[in-house]
Amino acid sequence: MKYFEFTNPTKLCSGKGALENLAYELEMLGASHPMVLSDGMLEKIGTLKLVTDALSDMKIGRIFTDIPRDSSIETVNRIAREYRDFECDALVALGGGSVLDTAKGVRLLISQDADDLLELMGCECIPKGNYVPFVAIPTTAGTGSEATAVAVIKNPALNIKMEYISAQLLPDTAILDPRMTATLPPRITASTGMDTLCHAIEAYSCQQKNPVSDAYATAAIELVRKNLVRAVRFGASKEARASMANASFLAGAAFSNSMVGIVHAIGHALGGVCRVPHGDAMNILLPAGMMYNRKECSDTYAELLLYLAGPEVYLKTPKQKRAQRTIAEVIRLREKLHRMTGLPVTLKEAGVDPAMFPEVAKTALNDGAAIVNPRQVTYDAVIKILEVSYGD
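Per-chain numbering applies: the sequence of each chain, read as written, is numbered from 1 onward. Per-residue local features are limited, in this predicted model, to residues with pLDDT of at least 70; the limit for side-chain atom pairs, both in listing and counting, is 80 or more; totals at the level of whole chains, interfaces and linings are taken over all residues. Excluding hydrogens and water, the side-chain figures rest on all heavy atoms present in the structure.

Undergrad: Can you walk me through the packing of aromatic side chains in this structure?
TA: Two aromatic rings are characterised by how far apart their centres lie and by the angle between their planes. Only rings of Phe, Tyr and Trp enter the pairing, Trp through its six-membered ring, and a pair is recorded when the two centres are within 6.5 Å. The plane angle decides the type: under 30 degrees is stacked, over 60 is edge-to-face, the rest tilted. This model, assessed by the stated rule, comprises two aromatic pairs. Ring geometry for F6 against Y216: centres 5.1 Å apart, planes inclined by 45°, an arrangement best described as tilted. Pair noted here: F6 is in the segment before β1 (11-14) and Y216 is in helix α7 (residues 211-233), with a separation of 210 residues, a long-range link. In this structure F6 comes out as partly exposed when scored by relative accessible area, which is 24%. With centroids separated by 6.1 Å and ring planes inclined at 75°, the aromatic side chains of F357 and Y390 adopt a geometry described as edge-to-face. With a gap of 33 residues between them, F357 in helix α13 (residues 357-365) and Y390 in helix α14 (residues 379-390) connect regions that are remote in the sequence. The residue whose ring lies beneath R375 is Y292, and the NZ or CZ to ring-centre distance is 4.2 Å. Secondary structure elements follow DSSP: runs of H or I no shorter than four residues count as helices, runs of E no shorter than two count as strands, and numbering proceeds from the N terminus. Throughout, exposure labels follow a simple rule: accessible area from a 1.4 Å probe, protein chains only, divided by the maximum for the residue type, with under 20% read as buried, over 50% as exposed, and the rest as partly exposed. A positively charged side chain is recorded as over a ring if its NZ (Lys) or CZ (Arg) lies within 6 Å of the ring centre. The angle to the ring normal must also be within 35 degrees.

Undergrad: So what exactly am I meant to see when it comes to helix α3 (residues 47-54) here?
TA: In an α-helix, one full turn covers 3.6 residues, which means residues spaced three or four apart are oriented alike. Taken together, the buried positions of α3 are T47, L48, V51, T52 and A54. End-on view of α3: buried residues confined to an arc of 160°, all on one side of the axis. It only takes one pair of heavy atoms within 4.5 Å for two residues to be counted as in contact. Elements in contact with the buried residues of α3: α1 (22-28), β2 (35-37), α2 (40-44), β3 (62-64), β4 (91-95) and β5 (134-138). The arc in question is traced by the directions running from the helix axis to the C-beta atoms.

Undergrad: Explain the pattern of salt bridges to me, please; I cannot follow it from the model alone.
TA: Side chains that carry opposite charge are capable of pairing whenever their charged atoms lie near each other. A carboxyl oxygen of Asp or Glu within 4 Å of a side-chain nitrogen of Lys or Arg is what we treat as a salt bridge. With the rule as written, the count across this model stands at 17 salt bridges. In this structure, the salt-bridge partner of D115 is R84, at a minimum N-O distance of 3.5 Å. With D115 in the loop between α5 (97-111) and β5 and R84 in helix α4 (residues 73-85), this residue pair connects regions lying 31 residues apart in the sequence. According to the relative accessible area criterion, R84 is partly exposed, its value standing at 31%. The salt bridge involving R187 is made with D280; its shortest N-O contact spans 2.9 Å. On the criterion of sequence distance, the pair formed by R187 in helix α6 (residues 186-205) and D280 in helix α10 (residues 278-309) is long-range, its members being 93 residues apart. Owing to a relative accessible area of 5%, D280 belongs among the buried residues under this scheme. Here the salt bridges do not stand alone but share partners, grouping R62, D66, R78 and E82 into one network.

Undergrad: Quick question: what am I supposed to make of unusual backbone geometry here?
TA: Apart from glycine, the bulk of residues carry a negative phi angle, and the bulk of peptide bonds sit in the trans form. With a phi angle near 55°, E87 is a residue other than glycine that sits in the positive phi range. Within the secondary structure layout, E87 lies in the loop between α4 and β4. Classification of E87 as exposed rests on a relative accessible area of 60%.

Quick look at the structure:
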């Protein structure tokens, strides 16, 4: 067996009442006055108050909610300054991928005694530095950021999304409470759910896949199959919400160790160049990306049919047709979510101008996710996938 590494030190607190463990977890990490990061919408709808209530017996050093949808280097640098100014001793991040990735960036700056995130550019080359306790509370079930050693932060000057990869980014604790995603609208539930599915499929098929990441990925895919449509249709279902949160965590841990591939490389580029929301980009690009990789992944995709469609479909499908059926199941799920929520299935629906394809392709080729894709990523291949995904 080839050599591999797997890291997943994050403690998971998942299920009913998980949020009530927050103060205890911070105390066990040695924290007494944390900084809480969130966004304005979560403050407005009352989700942030659930967190501050859970910290009622602890002094909160600072609450920062001015985090945009696509966080930036400037935002991270500003928060790090306030963290120091208010003498905080821990980070609590409540939100989606942007908030959690922002917290990871702040943790890097504080731990390395740095002032500008651009000083820390690099891949897995950041020493441990000063310890900063970090608890992540995701409010979407898609990014998996609470279980990943990856942070994606925008550089507005270059109009790109920068990837930071280091074990120092992993939270100490992840709290998955179904109340945190209960108010997530159906369309966002669908978009983030397809992000989870894409994480798991690419983690299972990329060059750095390994037996442990495979186990996490397949468990995530099965949870998505059983719960995503239910979470969209019955948003108040705590069981479906909790299951999707667990799926997101599992898929995040899987791809954090095995990485992703061409779908994410192009998706990151679409986000940076054309401002397409990440989950929407994954939903649009996944079938075309799988069709491109099928030449190298036929057996791998065939195996995934069991988890994506269930044992009955798997056994009834001839072996030589299972890979194509897996892709067909992704398309079927995508179209069902489109009918239910209006989630775009083409780049045209997402408002992307085909004139931007060359810039998107050039950006995608420089994305780290392209390196471990099972099939070589070329400029022409990216253009073709964009054209196929554009629709009529």
